[in-house]
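# Architecture and fold: a report
Next come the chains, spelled out residue by residue.
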Amino acid sequence: MATVQVSEAEKVYILHGIRDDLRVDGRGCEDYRHMEIETDVVSNTDGSAKVTLGHTAVLVGIKADIGKPRPGVPNEGYLEFFVDCSANATPEFEGRGGEELGTELSNTLYKVFNNKHSVDLKSLCISAGEHCWVLYVDVLLLQCDGNLYDAISVAIKAALFNTKIPKVHISADEEGGKEIELSDDPYDCMRLDVENVPCIVTLCKVGHRHVVDVTLQEKACSVASLIISVTHTGTVTCTRKVGGGSLDPESIFEMTEAGKRVGKALHAPLMKLLQQEESLGKTRQKVGFLG
Amino acid sequence: MAGLELLSDQGYRLDGRKATELRKVQARMGVFAQADGSAYLEQGNTKALAVVYGPHEVRGARSRSRHDRAMINCQYSMATFSTAERKRRPHGDRKSTEMSLHLKQTFEAAVMTQLYPRSQIDIFVKILQSDGGNYSVCVNAATLAMIDAGIPMRDYVCACTVGFVDETPLADLCYAEEGGGVSSLALALLPRGGQIALLQMDARLHQDHLEALMEAAMTACKGVSKVLDEVVRLHLQEVSVLSAE
């Protein structure tokens, strides 16, 4: 990840602040930075979303393609993730520099999102064993200022909400094989149910307290972090500890409880915002990067 | 090609433009706070994001640093969702490497590199949506990003892709026109002096038409430079108003 150098004095300052629930930018330990979400920014994808969380900027594009279902699960579709850590974020990601981080991020995303509890994969099936929808979720990292997992998960949820999959009609052709026809009408499409899609909350252990939504500077002072993916009901679907330091079991328990609380509180305003944006319909002014 | 008329009898193209008309250009500078300079530019449906880092110390091989000038390092990449067919690798393929070299060549002609010996300037361009004229949009976006970074240049660098159909030069080709068997020429120009930074064509064209095509390209580039100039002045106004208060 793009790193910053933090001096000892700065570390002590940050640690003492967090101990008193006051971070460098004035937030409390469980507060998020200013988040901006916009969907449908890239017009030749089936669904897209752009999320800016403080200085972290992430763009997600989803393309739906017809493919063959996986061998073990013939009546489900699946998701494919690809995270591109672009050189825009930091010159260290030039060429193949961003591949390591990209692979790590996409592997975690597979675990969190590509299962039948998060996304209704059965709705992606066209004909069992032969055709299904494959959603290629491409994440583009534009700016890196800490807390990538949270921003990416919110962007994926928003993009899945925005995804419009064309309806298909299966007809039998002359040789007895199946012919798939996509409906011509661009408004005749299927939407995904994103109720159960989880959001990832990253908690970092700084000193004796845990902090949500760290900036790069605070990350440099933390020993280890815990990534928790939480659904809207407060159910934890995936947990992972990252970082070089070690955590004791009590901290993990505390952090999980805090993560559940924060994650649960994230979903309701997000869905409300997405539905509000959707209800504006054609009158919405698309801003994208021009605003 | 039956059914796909690139230039109709009344003089209208596929998207309703006239032969010398450019697509709508919308741009914004200073999109990202963390980079030294950044810009976002849309030309029709082609969208590009350019980011500039530098001048800074040469990263990696010290031997690559030049004792009398700065080194310019470019990377061109496309988002995997930018094209109609999903692209598997964002960069690293031959076309992206070639584009990166073209960008490097273009900016070496424009940037006053002799002011920063032994340093490196990075230009990273990302295509978010591709609808023809990728190279030109990248150059235009990168010019704005360079200006945002405050790196001294001799002039704006404006680029345009032109094609030749039915004895008429078409300015600013879109994807359908580029693929429709049109001889296309890409030109990067420094408008005030009329100097050409890059000229590229890989199609067959009769030499009698070459001059007309180049003239059309230069006029189109001058049009683009007017738009870019306006964008820069507007951005400066906004920034100076904010800092004055």
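Residues numbered from 1 in each chain as written. Chains lettered and ligands numbered in written order. Predicted model: local features only at pLDDT ≥ 70, side-chain atom pairs only at ≥ 80, totals over all residues. Heavy atoms only, no water.

For chain A, the helix and strand inventory stands at five helices and 14 strands. Against the 2.2 N^0.38 benchmark of 19 Å for 291 residues, chain A shows a C-alpha radius of gyration of 21 Å, consistent with a compact globule. The C-alpha extent of chain A, read off along each of the three principal axes, is 75 × 40 × 40 Å. Taking all 291 residues of chain A together, 52% fall into the buried category. Of the contacts formed within chain A by residues at least 6 apart in sequence, a portion of 70% connects residues at least 24 apart. If you sum the accessible surface of chain A, you get close to 13300 Å²; carbon and sulfur atoms cover 52% of it. (Helix = DSSP H or I, 4+ residues; strand = E, 2+ residues; numbered from the N terminus. Rg over C-alpha atoms; globule rule 2.2 N^0.38 Å. Buried < 20%, exposed > 50% of the residue type's maximum accessible area, 1.4 Å probe, protein only. Contact = heavy atoms within 4.5 Å. Areas by Shrake-Rupley, 256 points an atom, 1.4 Å probe, with all protein chains shown as cover.)

For the rest of this paragraph, the subject is the overall build of chain B. When its secondary structure is counted, chain B shows four helices and nine strands. Traced from its N-terminal end to its C-terminal end, chain B shows the element sequence β-β-β-β-α-β-α-β-β-α-β-β-α. What you see for chain B is a C-alpha radius of gyration of 18 Å, in line with the 18 Å of a compact globule of 245 residues. Along the three orthogonal principal directions, the C-alpha set of chain B runs to about 55 × 45 × 40 Å.

All names here are of chain A. Residues given the UniProt feature "domain: Exoribonuclease phosphorolytic" (unreviewed entry) here are residues 32–166 and 196–261. The straight-line gap between the two end C-alpha atoms of residues 32–166 is 36 Å; of that span, 22% is helix and 38% is strand. For the annotated span residues 196–261, helix accounts for 29% and strand for 39% of the residues, and the straight-line distance between the end C-alpha atoms is 16 Å. (UniProt positions renumbered as here; feature names shortened; annotations may be inferred.)

What follows is about the packing of helix α1 (residues 94–110) of chain B against helix α2 (residues 134–149) of chain B. Packed helix pairs are specified by the crossing angle of their axes together with the interaxial distance, meaning the distance between the axes. All names here are of chain B. The geometry of α1 relative to α2 is characterised by a closest axis approach of 11 Å and an angle of 45° between their N-to-C directions. The orientation of α1 with respect to α2, classified from their angle, is oblique. Crossing of α1 against α2: the hand is right-handed. Contacts between α1 and α2 pair Met99, His102, Leu103, Thr106 and Phe107 from the former with Asn134, Tyr135, Cys138, Val139, Ala142, Thr143 and Met146 from the latter. (Axes fitted to C-alpha atoms, helices over the stretch in contact; angles between N-to-C directions. Parallel < 35°, antiparallel > 145°, perpendicular 65-115°, else oblique. Left-handed = near helix turned anticlockwise from the far one by under 90°.)

At the junction of the two partners, chain A supplies 31 residues and chain B supplies 31 residues. For the pairing of chain A and chain B, the buried interface totals around 2800 Å² over both sides, and the portion due to carbon and sulfur atoms is 57%. Counting every contact that joins chain A to chain B gives three salt bridges. Lys126 of chain B is paired through a salt bridge with Asp84 of chain A; the nearest N and O atoms lie 2.6 Å apart. Linking chain A with chain B are 15 residue pairs in polar contact (both at pLDDT 80 or more), by the criterion used here. For the side of chain A that touches chain B, the per-class residue count stands at 15 nonpolar, eleven polar and five charged. (Buried area = accessible area lost by both parts, 1.4 Å probe. Salt bridge = Lys/Arg side-chain N within 4 Å of Asp/Glu carboxyl O. Polar contact = N/O pair within 3.5 Å; in protein donor to acceptor, adjacent residues only side chain to side chain. Nonpolar A, V, L, I, M, F, W, Y, C, P; charged D, E, K, R; others polar.)

Attention now goes to the sheet that holds strand β6 (residues 158–165) of chain B. Residues and elements named next belong to chain B. What the four strands build is an open sheet, ordered β7-β6-β8-β9; its pairing is antiparallel. Single-partner strands in this sheet number two, and they are β7 (168–171) and β9 (195–201). For this sheet, the mean angle separating the axes of adjacent strands, direction not counted, is 25°. Across seven bridges, β6 lies against strand β8 (residues 183–190) in antiparallel orientation. In the sheet register, Cys158 faces β8, and the bridge partner there is Leu189. (Pairing = 2+ DSSP bridges.)

All names here are of chain A. All told, the structure shown has five aromatic pairs over all chains when counted by the stated rule. Plain terms: the ring middles of Phe81 and Tyr110 are 5.4 Å apart, the flat faces sit at 80° to each other, and that makes the pair edge-to-face. Placement of Phe81 in strand β4 (residues 78–85) and of Tyr110 in helix α2 (residues 99–113) is noted, with a sequence separation of 29 residues between them. Look at Phe81 and you get buried, because its relative accessible area is 6%. (Phe/Tyr/Trp six-rings, centres within 6.5 Å; stacked < 30°, edge-to-face > 60°.)

Further remarks concern the confidence of the model for chain B. Averaged over every residue, the pLDDT of chain B is 90; residues scoring 70 or more account for 98%. Complex prediction metrics read pTM 0.92 and ipTM 0.88. (pLDDT = per-residue confidence, 0-100.)

We now examine the packing of α2 of chain A against helix α3 (residues 148–162) of chain A. All names here are of chain A. Contact geometry of α2 with α3 gives a least axis separation of 12 Å together with a crossing angle of 50°. Classified by the angle between their axes, α2 and α3 sit oblique to one another. At the point where α2 passes α3, the crossing takes the right-handed sense. The segment α2 lies against α3, with Leu101, Glu104, Leu105, Thr108, Leu109 and Phe113 engaging Leu148, Tyr149, Ile152, Ser153 and Ile156. Of the residues contributing to the contact of α2 with α3, the split by class is eight nonpolar, two polar and one charged.

What follows concerns the nonpolar core. The nonpolar side chains of soluble globular proteins are, as a tendency, buried together. All names here are of chain A. Of all hydrophobic cores here, the largest spans 65 residues; its most connected members are Val60, Leu109, Leu135, Val139, Ile152, Ile156 and Leu160. In terms of residue count, α3 provides more of this core than any other element does, eleven residues in total. Not counting residues up to four positions away in its chain, the partners in contact with Leu135 are Ile62, Lys63, Ala64, Tyr78, Leu79, Glu80, Leu124, Leu160, Ile165 and Leu192. (Core = buried A, V, L, I, M, F, W, Y, C linked by side-chain atoms within 4.5 Å.)

The next thing to look at is helix α1 (residues 8–19) of chain A. All names here are of chain A. For α1, built from twelve residues, the straight-helix expectation of 16 Å at 1.5 Å per residue is met to within 8% by its first-to-last C-alpha distance of 16 Å. Looking only at α1, the buried set comprises Ile14, Gly17 and Ile18. One side of α1 holds all its buried residues, which, seen down the axis, span an arc of 95°. In α1, the exposed positions angled more than 90 degrees off the buried face are occupied by Glu8, Ala9 and Arg19. Where α1 is buried, its residues touch β11 (199–206), β12 (209–212) and α4 (216–221). Among the residues trailing α1, Asp21 stands out with phi positive, at a value near 60°. (Expected span 1.5 Å × (residues − 1). Arc of directions from axis to C-beta.)

Turning to the UniProt feature "domain: Exoribonuclease phosphorolytic" (unreviewed entry) in chain B, a few remarks are in order. Here the UniProt-annotated "domain: Exoribonuclease phosphorolytic" (unreviewed entry) positions come out as residues 21–152 and 155–219 of chain B. Taken as a whole, residues 21–152 of chain B contains 25% helix and 33% strand, while its terminal C-alpha atoms sit 31 Å from one another.

Moving on, we get to the environment of Ala141 of chain B. Residues and elements named next belong to chain B. Looking at the secondary structure, you find Ala141 in helix α2. Given the relative accessible area of 0%, Ala141 is considered buried. For the pair Ala141 and Ala159, spaced 18 residues apart in the sequence, the C-alpha separation amounts to 10.0 Å. Apart from residues no more than four positions distant in its own chain, Ala141 is found in contact with Ala39, Leu41, Ala48 and Ala50.

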